[in-house]
Amino acid sequence: MNSGKGTEPDKKKEALRLGIISSLGLMLVLSTLIGYGIGAWLDSKLHTAPILTVVFLLLGIGAGFINLFRVMNKS
Amino acid sequence: MHNEHAFRILPTLHLPGLTAAESVVVEYTWLAMAIIMLVMILAVAGRKKIPLGLQNLIEVIVAFFEKNLLEIAGPRGVVYFPLVITVFFFIIVSNYMGLIPGCMAPTSSINTTAAWAIVVFIATQYAGFRAQGLKYIKHFLGPFPILAPFMFVMELISQLARPLSLSVRLFANLLAGELIISVLATGTALLLPVIWMTWESVITAPFQAFIFSLLTMIYIAGAVSGAGDEHE
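**Re the overall build of chain A**
No. 1: Summing up its helical and strand segments, chain A has two helices and zero strands in all.
No. 2: Pairs at least 24 apart in sequence give 41% of the contacts found in chain A among residues at least 6 apart.
No. 3: About 4500 Å² of surface is accessible on chain A, with carbon and sulfur atoms providing 72% of the total.

**Here we look at helix α2 (residues 51-74) of chain A**
No. 1: Spanning 24 residues, α2(A) covers 35 Å between terminal C-alpha atoms, matching the ideal 34 Å at 1.5 Å per step.
No. 2: Within the sequence span of α2(A), burial applies to A:L52, A:T53, A:F56, A:L59, A:G60, A:G62, A:A63, A:G64, A:N67, A:L68 and A:V71.

**Some points on the packing of helix α4 (residues 110-132) of chain B against helix α5 (residues 148-184) of chain B**
Packed helices, taken two at a time, are described by the angle their axes make and the gap between the axes.
Residue and element names in this part refer to chain B.
No. 1: The N-to-C vectors of α4 and α5 enclose an angle of 145°; their axes lie 8 Å apart at closest approach. As for how α4 packs across α5, the hand of that crossing is right-handed. On α5, the residues that touch I110, T113, A114, A117, V120, F121 and Q125 of α4 are L156, Q159, L160, P163, L164, S167, V168, L170 and F171.

**Things to note about a nonpolar patch on the surface**
No. 1: Together, B:L13, B:W30, B:M33, B:M37 and B:I41 make up a nonpolar patch on the protein surface, roughly 530 Å² of accessible area in all.
No. 2: Examined against the element boundaries, B:M33 turns out to sit in helix α1 (residues 20-44).

**Side note on the packing of aromatic side chains**
No. 1: As enumerated under the stated definition, the model contains nine aromatic pairs over all chains in all.
No. 2: Three or more aromatic residues joined by ring pairs make a cluster, and in this case those are B:F64, B:F65, B:F88, B:F89 and B:F210.

**Concerning the nonpolar core**
No. 1: Counting residues in hydrophobic clusters, the biggest one holds 53 residues, and the most contacted among them are B:F65, B:F89, B:F212 and B:I218.
No. 2: Those residues in contact with B:F65 that lie beyond four places of it in its chain are B:F81, B:V84, B:I85, B:F88, B:F210, B:S213 and B:M217.
No. 3: One finds A:F56, A:A63, B:M151 and B:M154 within the second-largest nonpolar core, a separate group that totals 12 residues.

**Thoughts on the packing of α1(B) against helix α3 (residues 81-97) of chain B**
Residue and element names in this part refer to chain B.
No. 1: α3 packs onto α1 with a crossing angle of 115° between their chain directions and a minimal axis gap of 10 Å. Pair α1 / α3 crosses with right-handed handedness. Of the residues in α3, those touching α1 at Y28, T29, L31, A32, I35, I36 and M40 are F89, F90, V93, S94 and M97.

**Observations concerning the confidence of the model for chain B**
Residue and element names in this part refer to chain B.
No. 1: Considering every residue of chain B, the mean pLDDT works out to 86; 94% of them sit at 70 or more.
No. 2: Within the model, the stretch residues 228-232 combines pLDDT values under 50 with 18 contacts to residues more than four positions away or in other chains.
No. 3: Two summary scores accompany this predicted model of the complex, namely pTM at 0.85 and ipTM at 0.79.

**Some details on the interface of chain A and chain B**
No. 1: Each partner contributes residues to the interface: chain A has 28 residues there, and chain B has 33 residues.
No. 2: Together, the buried faces of chain A and chain B total about 2700 Å²; carbon and sulfur atoms form 72% of this surface.
No. 3: Counting every contact that joins chain A to chain B gives one salt bridge.
No. 4: Here A:R70 ties to B:E155 by a salt bridge, and the two come within 3.0 Å at their closest N and O atoms.
No. 5: In this assembly, chain A and chain B are joined by three residue pairs in polar contact (both at pLDDT 80 or more).
No. 6: Only α1 (9-46) and α2 of chain A provide two or more residues apiece to the side of chain A that touches chain B.
No. 7: Broken down by element, the residue count for the side of chain A that touches chain B peaks at 14 residues, all from α1(A).
No. 8: Split by residue class, the side of chain A that touches chain B holds 13 nonpolar, 11 polar and four charged.

**Considerations on the side chain of B:E200**
No. 1: Mapping B:E200 onto the fold places it in helix α6 (residues 191-225).
No. 2: For the buried B:E200, which has no salt bridge, the nearest side chain bearing the opposite charge is B:R169, at an N-O separation of 14 Å.

The rules behind these values
- Residues numbered from 1 in each chain as written.
- Chains lettered and ligands numbered in written order.
- Predicted model: local features only at pLDDT ≥ 70, side-chain atom pairs only at ≥ 80, totals over all residues.
- Heavy atoms only, no water.
- Helix = DSSP H or I, 4+ residues; strand = E, 2+ residues; numbered from the N terminus.
- Contact = heavy atoms within 4.5 Å.
- Areas by Shrake-Rupley, 256 points an atom, 1.4 Å probe, with all protein chains shown as cover.
- Expected span 1.5 Å × (residues − 1).
- Buried < 20%, exposed > 50% of the residue type's maximum accessible area, 1.4 Å probe, protein only.
- Axes fitted to C-alpha atoms, helices over the stretch in contact; angles between N-to-C directions.
- Left-handed = near helix turned anticlockwise from the far one by under 90°.
- Patch = residues over 30% accessible without salt bridge, like charges linked within 9 Å, V, L, I, M, F, W, Y side chains within 5 Å.
- Salt bridge = Lys/Arg side-chain N within 4 Å of Asp/Glu carboxyl O.
- Phe/Tyr/Trp six-rings, centres within 6.5 Å; stacked < 30°, edge-to-face > 60°.
- Core = buried A, V, L, I, M, F, W, Y, C linked by side-chain atoms within 4.5 Å.
- pLDDT = per-residue confidence, 0-100.
- Buried area = accessible area lost by both parts, 1.4 Å probe.
- Polar contact = N/O pair within 3.5 Å; in protein donor to acceptor, adjacent residues only side chain to side chain.
- Nonpolar A, V, L, I, M, F, W, Y, C, P; charged D, E, K, R; others polar.
- Lys, Arg positive; Asp, Glu negative; His and termini not counted.

And the structure:
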């Protein structure tokens, strides 16, 4: 039981979906943070004040939501 | 690392360029590697056609993961099996190390888990290019050419966020486990730490290793399959 999830195909699908869905919330947050991180780093290198930070922050948020919709559409 | 006065079985070497806490994590990573290599050598030495004992146990685990990888990622994905099984064995051994007094789990540090996430990220991108050639980039560019630069960045961010979520999940679970053990062990009821450690060793340790490996398999499958996000 430790590393197995049953042998029927249904149980396997359920395990897969459980695995994917458990990541969703975290991925939303992480995408946002990564976006912000990239933006802030580029800003510090290119001295473009807050513009790039905002742009990449929005892109990060967008990436998170795109992922969310993709997973939702599959289910 | 979580408690300066804790008894530890490995001395704190101060590795060049690392803080003491980071050195400790690296040392226990080496210990995990040594344990895995030792176990594998023992399992393989004097191997028999009809496996018994340790050889049998390892074969069952290896066969389980290989079968799963083939199912999830197909024949083009199953070549990445060495990575997947290494991930699993390293993480499960590391998790159990956290339960041994005097040891720490290297996976309870974000450094270890993030390193694995980076490895998985590089491996998935490599798998994508290897399986689909340059067309793999097409999935990064979105439906309309106008959106291409934005879509590329967004795709890149989400490709990064996926392995990173694996690492955060693993490290958070392990760290929480260690903290709870250290709190419970400060002399409250004796039963509580025993109950918690049973839960940790039976459920959390193998399950977290399994989830990390499973999602690695899914990400590789997605990269290799050509539909971009077949499974996610």
